[in-house]
Amino acid sequence: MIYMNTKTKGYILGTIAAATYGMNPLFALPLYQGGMNPESVLFFRYMTAIPILAVMIKARGRSFKVNRKETLTLVAMGLLVAISSLTLFQSYNYMEAGIASTILFVYPIMVALIMSLVFKEKLTMMTGLCLLLALGGISMLYKGGDGTTLSLTGTVLALASALTYAIYIVGINQTTLKHTATLTVTFYVLVFGVTLFIIRLLTGVELTVPSPDKWYLWLNVLALAVFPTAISFLCTTSAIQYIGSTPTAILGALEPVTAIIFGITIFGERLTLRESIGIVMILIAVTLVIAGGGITSYMVRFRKLFPRLPHRRP
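About the criteria used
Residues numbered from 1 in each chain as written. Predicted model: local features only at pLDDT ≥ 70, side-chain atom pairs only at ≥ 80, totals over all residues. Heavy atoms only, no water. Helix = DSSP H or I, 4+ residues; strand = E, 2+ residues; numbered from the N terminus. Buried < 20%, exposed > 50% of the residue type's maximum accessible area, 1.4 Å probe, protein only. Contact = heavy atoms within 4.5 Å. Areas by Shrake-Rupley, 256 points an atom, 1.4 Å probe, with all protein chains shown as cover. Phe/Tyr/Trp six-rings, centres within 6.5 Å; stacked < 30°, edge-to-face > 60°. Core = buried A, V, L, I, M, F, W, Y, C linked by side-chain atoms within 4.5 Å.

Chemist: In this structure, what is going on with the overall build of the chain? I would like to understand it.
Modeler: A count of helices and strands for the chain gives 13 helices and zero strands. The secondary structure elements of the chain, listed N-terminal to C-terminal, are α-α-α-α-α-α-α-α-α-α-α-α-α. The 314 residues of the chain split such that 54% are buried. For the chain, restricting intrachain contacts to residue pairs at least 6 apart in sequence, the fraction spanning at least 24 positions comes to 90%. In the form shown here, the chain has an accessible surface area of approximately 15000 Å², with 67% of it arising from carbon and sulfur atoms.

Now the structure itself:
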């Protein structure tokens, strides 16, 4: 049997989290083409993922119990994640999903800046270099060669998604959650997050579903719940436990690479020289993250959020 150290586990989990989160457009865009709006897609996505996580919690023997302080924190975190999801999915209506995804992944820069400015965390040279390389690589993936003007509304929405997600990453680092299991945190983040979409649907936004002759689109809803939601969220929080939030965030820059790969293999898109350079820059940044052992000490308090829980006594 092959045993992996905690850093290796963290890098693998962070990569899986990025790759699965990159599947958002793959499953969401066909639902848009089938007549669904962003609120409806996200409502069904969250409502499908919640029971999946509930089953996982029961299967692992974890508890659903949280105290009042934890509940208040989880409400805030759930709303932040929901706002981030909604603004990202809304941005797909104003620009190509790949471009929206590249803009979204400026959030590692925002995380590092928030931690540096607000919490006075030291921004190391290695961290700064990796962030700059990842951001530069992401910018190279933007297909701006045809002279089209980037949508201001779409850009603002994608940046809002990045900012709220960055605040979530920083804000979830609360002592009230340090003894709460990863599965339980993720479950309640989705439970409280779905309330935003319920409110939107009750206050004027139409609830749309795939037409009966396109019943197979419900498989896209299921895929959204499993891959970019349940699997991605769980792998992200577990990766943070092992290697810290900044390396995990930088590994998230692999998401645009995933989008490019799907575009080539599934939708027949061509890989340009500009995109190739961007992918190489991102891979270099990721390699530096993996090679730079000292970077994992950055934002160390995040590791306290998901400690290993003791085995339950029979």
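Back to the text.
Chemist: It is not clear to me how the environment of M110 should be interpreted in this structure. Could you clarify?
Modeler: Within the secondary structure, M110 is located in helix α6 (residues 107-117). With sequence-adjacent residues up to four places away left out, M110 is seen in contact with L159, A162, L163 and A166.

Chemist: Is there a simple way to think about the packing of aromatic side chains in this case?
Modeler: According to the stated counting rule, one finds 12 aromatic pairs in the structure shown. Consider the rings of F89 and Y92, whose centres lie 5.4 Å apart with planes at 35°: the pair is tilted. As far as burial versus exposure is concerned, F89 and Y92 are alike and both buried. Aromatic side chains Y165 and Y168 sit 5.8 Å apart centroid to centroid with 25° between the ring planes, which places their arrangement in the stacked category. Separated by three residues within a single helix, Y165 and Y168 lie in helix α8 (residues 152-171), roughly one turn from each other. By relative accessible area, which is 10% here, Y168 ends up buried.

Chemist: Any chance you could explain the environment of V111 here in plain terms?
Modeler: Here V111 lies in helix α6. Here V111 falls in the buried class, since its relative accessible area comes to 1%. A C-alpha to C-alpha distance of 7.2 Å links V111 and I167, two positions 56 residues apart in sequence.

Chemist: Can you help me understand the nonpolar core in this one?
Modeler: Soluble globular proteins tend to bury their nonpolar side chains together. Of all hydrophobic cores here, the largest spans 86 residues; its most connected members are F89, Y92, Y107, Y168 and F197. Looking at this core, the element that brings in the most residues is helix α9 (residues 182-202), giving 11 residues. Apart from the residues within four sequence positions on either side, Y107 is in contact with A162, Y165, A166, I169, A249 and G252.

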